[in-house]
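Chain residues, written in single-letter form:
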Amino acid sequence: MITFVISILLLIAGYFIYGKIVERHFGTDPSREVPAIAQRDGVDFMPMPTWKVFIIQFLNIAGLGPIFGAILGAAYGPAAYLWIVLGCIFMGAVHDFFSGTLSMRNRGQNMPDIVGKYLGKGMKSFMIFIVIFSLLSVGIAFVTGPVDLLAHLTSWDAGIWLAIVFAYYILATLLPIDKIIGNVYPLMGGALLFMAFGVGVMMMVNDAQGTVEIQELTLSSLKNWHADPENNVLIPMLFIVISCGAISGFHSTQSPMMARCLKNERHARPIFYGAMVAEGVVAMIWAAAAMAYFGGPEGLNNATQGYMENGVWYSRMDPATTVNLICNSWLGKAGAVIAVLGVVVCPITSGDTAFRSLRLTIADLIRKDQKPIGNRLLISVPIFAIAIAVILSEMDFDTIWKYFGITNQIIATMVLWTGAAYLVKEKKGHWMCSVPATFLTFICVSYIMIAPHRNAGLHLDPVIGYVIGIVFALSAFAFCIVKARKTGRR
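Residues numbered from 1 in each chain as written. Predicted model: local features only at pLDDT ≥ 70, side-chain atom pairs only at ≥ 80, totals over all residues. Heavy atoms only, no water.

**Re the overall build of the protein chain**
Along its length, the protein chain carries 19 helices and 2 strands. By the compact-globule yardstick of 23 Å for 490 residues, the protein chain fits well, its C-alpha radius of gyration being 22 Å. Viewed in the frame of its principal axes, the protein chain has a C-alpha envelope of about 65 × 50 × 40 Å. The 490 residues of the protein chain split such that 60% are buried. In the protein chain, the share of contacts with a sequence separation of at least 24, taken over all contacts with a separation of at least 6, comes to 81%. As presented, the protein chain carries roughly 19,500 Å² of accessible surface, and 66% of it is formed by carbon and sulfur atoms. Seen as two clouds, the 34 positive and the 28 negative side-chain charges of the protein chain have centres 15 Å apart. (Helix = DSSP H or I, 4+ residues; strand = E, 2+ residues; numbered from the N terminus. Rg over C-alpha atoms; globule rule 2.2 N^0.38 Å. Buried < 20%, exposed > 50% of the residue type's maximum accessible area, 1.4 Å probe, protein only. Contact = heavy atoms within 4.5 Å. Areas by Shrake-Rupley, 256 points an atom, 1.4 Å probe, with all protein chains shown as cover. Lys, Arg positive; Asp, Glu negative; His and termini not counted. Charge placed at Lys NZ, Arg CZ, Asp CG, Glu CD.)

**Let's talk about helix α12 (residues 250-259)**
Among the 10 residues of α12, 10 are classified as buried, and the element is accordingly described as predominantly covered. Three or more residues of α12 are buried, namely Phe250, His251, Ser252, Thr253, Gln254, Ser255, Pro256, Met257, Met258 and Ala259.

**Structural notes on the packing of aromatic side chains**
Taken as a whole, this structure holds 21 aromatic pairs when the rule is applied. An angle of 70° between the planes, with centres 4.6 Å apart, marks the rings of Trp83 and Phe239 as edge-to-face. Of this pair, Trp83 sits in helix α6 (residues 79-105) while Phe239 sits in helix α11 (residues 234-241); the two residues are 156 residues apart in sequence, bridging distant segments of the chain. For the pair formed by Trp83 and Phe239, the shared burial category is buried. Measuring from centroid to centroid gives 5.7 Å for Tyr118 and Tyr422, while their planes differ by 90°, and the two rings are edge-to-face. Note that Tyr118 is positioned in helix α7 (residues 111-119) and Tyr422 in helix α17 (residues 397-425), a separation of 304 residues in sequence. A relative accessible area of 4% places Tyr422 in the buried class. (Phe/Tyr/Trp six-rings, centres within 6.5 Å; stacked < 30°, edge-to-face > 60°.)

**Re the layout of surface pockets**
Quantified by volume, the second largest pocket comes out at close to 610 Å³. Forming the boundary of the second largest pocket are 23 residues, of which Leu119, Met123, Trp417, Ala476 and Phe479 lie nearest the centre. Those elements that provide at least two residues to the lining of the second largest pocket are α7, α8 (121-153), α17, α18 (431-450) and α19 (462-486). Residue contributions to the lining of the second largest pocket peak at 8 residues, all from α17. Grouping the amino acids of the lining of the second largest pocket by side-chain chemistry returns 18 nonpolar, 3 polar and 2 charged. (1 Å grid on protein atoms, 1.4 Å probe; cavity = no way out; pocket = protein on both sides within 12 Å on 5 of 7 lines; lining within 4 Å. Points joined across faces, edges and corners; volume = space filled by probe spheres on them. Nonpolar A, V, L, I, M, F, W, Y, C, P; charged D, E, K, R; others polar.)

**Section: the nonpolar core**
Within the largest apolar cluster, 165 residues are counted, with the highest numbers of intra-cluster contacts made by Phe98, Tyr273 and Trp286. Top contributing element to this core by residue count: helix α13 (residues 268-293), with 21 residues. (Core = buried A, V, L, I, M, F, W, Y, C linked by side-chain atoms within 4.5 Å.)

**Quick word on the state of the cysteines**
Tallied over the entire structure, the rule returns 0 disulfides. In this structure Cys480 is a free cysteine whose sulfur lies 9.1 Å from that of Cys433, the closest cysteine sulfur available. (Disulfide = S-S within 2.5 Å.)

**Here's the deal with the pattern of salt bridges**
Under the defined criterion, the tally for this structure stands at 9 salt bridges. Measuring nitrogen to oxygen at the nearest pair gives 3.2 Å for the salt bridge that ties Glu23 to Lys20. Residue Glu23 and its partner Lys20 are both found in helix α2 (residues 18-26); the two are separated by 3 residues, about one turn of the helix. What makes Glu23 buried here is its relative accessible area of 8%. Asp44 is the salt-bridge partner of Arg356, the closest N and O atoms lying 2.8 Å from each other. In this pair, Arg356 is assigned in helix α15 (residues 319-366) and Asp44 in the loop between α3 (35-38) and α4 (50-61), connecting sequence segments 312 residues apart. Take Arg356 and Asp44: they sit in the same class, and that class is buried. (Salt bridge = Lys/Arg side-chain N within 4 Å of Asp/Glu carboxyl O.)

**Structural notes on empty space enclosed by the protein**
Scanning all chains against the criterion turns up 2 cavities of 30 Å³ or more. Size it by volume and the largest cavity reaches roughly 60 Å³. Surrounding the largest cavity, Leu59, Met188, Ala191, Leu192, Met195, Ile338, Leu341, Gly342, Val345, Cys346 and Thr349 form its lining. Elements with a contribution of two residues or more to the lining of the largest cavity: α10 (181-209) and α15. The dominant element in the lining of the largest cavity, judged by the number of residues it contributes, is α15, at 6 residues. For the lining of the largest cavity, the residue count by class is 9 nonpolar, 2 polar and no charged. Volume-wise, the second largest cavity comes out at about 40 Å³. Taken together, Asn110, Pro112, Asp113, Lys124, Ile128, Thr361, Asp364 and Leu365 make up the lining of the second largest cavity. Those elements that place two or more of their residues in the lining of the second largest cavity are α7, α8 and α15. The dominant element in the lining of the second largest cavity, judged by the number of residues it contributes, is α15, at 3 residues. Taken together, the residues of the lining of the second largest cavity break down into 3 nonpolar, 2 polar and 3 charged.

This is the structure:
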């Protein structure tokens, strides 16, 4: 329990200490007019209460990411704790803060335009492609998953649930942000936080009573526990599997939506940095819970081959099943309801904002004002037509989703380099962005080199992959330093 408690305290301290350092270094200005006021249109640009913006931002970036990703990452062992804590404080929260504040400083623009401004037109074009792919991937994936589960839990046909979920997505994408998202999200965000808090408390109670043991981080446990270590190398695979709990490029596609709703720049740290820390806490709880429930990382890996529960043999364990088992076991009947709510509602509340963000990204690209409903329909109808066509074609989306994993972290890398370029331009120290960007560059390149073909990699020898990753990362870092010196800031 000691490692778990210290990790939670470090995440909270990270918000108050390093978050304040990041805020001061960026230079938030409470007197500066924000997009929500200057460009208010009653649809996407609209000042909202700060507490509500926080909950919406948290649910936008979270969904099932810090739950499912943390559970999958727990298969690698307690090393997941280190990545969640250090990644969240020094990388993910910095990434989210800069993506949100830079959007506020640039009239609420989405990341492709911001990347283009600081990294050039070539990078903007590349960013447009991967952002559109990522948002469409999330939107489609978070239709099929909840629909399949709802069809399984009820007597309704999957086609009926598909129509209902899509109807909701269309309304959430088209209507003003305060009509559905602003009213529904606070309730769903509260449910997600309650579920994580309940699981965390019961886990510690059970640990104190000796019925479970929370895995500690020690030198002997700091190794790759994965059941298939040859195809799941700790570095870089862990850093791709756990994204939302540490750093995720998807967040940078969501932050501009809330950048258009903040009433003052002084709220940037609690909204962008703070929501990421809250997500890190949720990820930490679920990573620890997954290992504790199955008796450690080895037991968790064994459960993927099959497990016994109440005298019934189940063929395999997946993240959704794990959530259901833990909530039912530790939270009772209420846990069953919460588990279903989380597994069904949380992905839906990420899917709808993925489609909304995609609409806004395309609108920025073609310079189409989104206040008229006709302009919103002009962009949204083709988006949903493509999404429906992909779903009806029964395309193997598992394959596409694996490509999303690396694409997601490539986006995060580009956003961090954009933050570094902004700091260079402002003649400020770039280290808080360039150092994590360098590390993530190494992770992304080495992943592409090392990961198996089915996981969007080349499956080269790890040593070769590491060397290539280091060369790319150091080259990018050296370029940043040279650029900084040319502007007069070292």
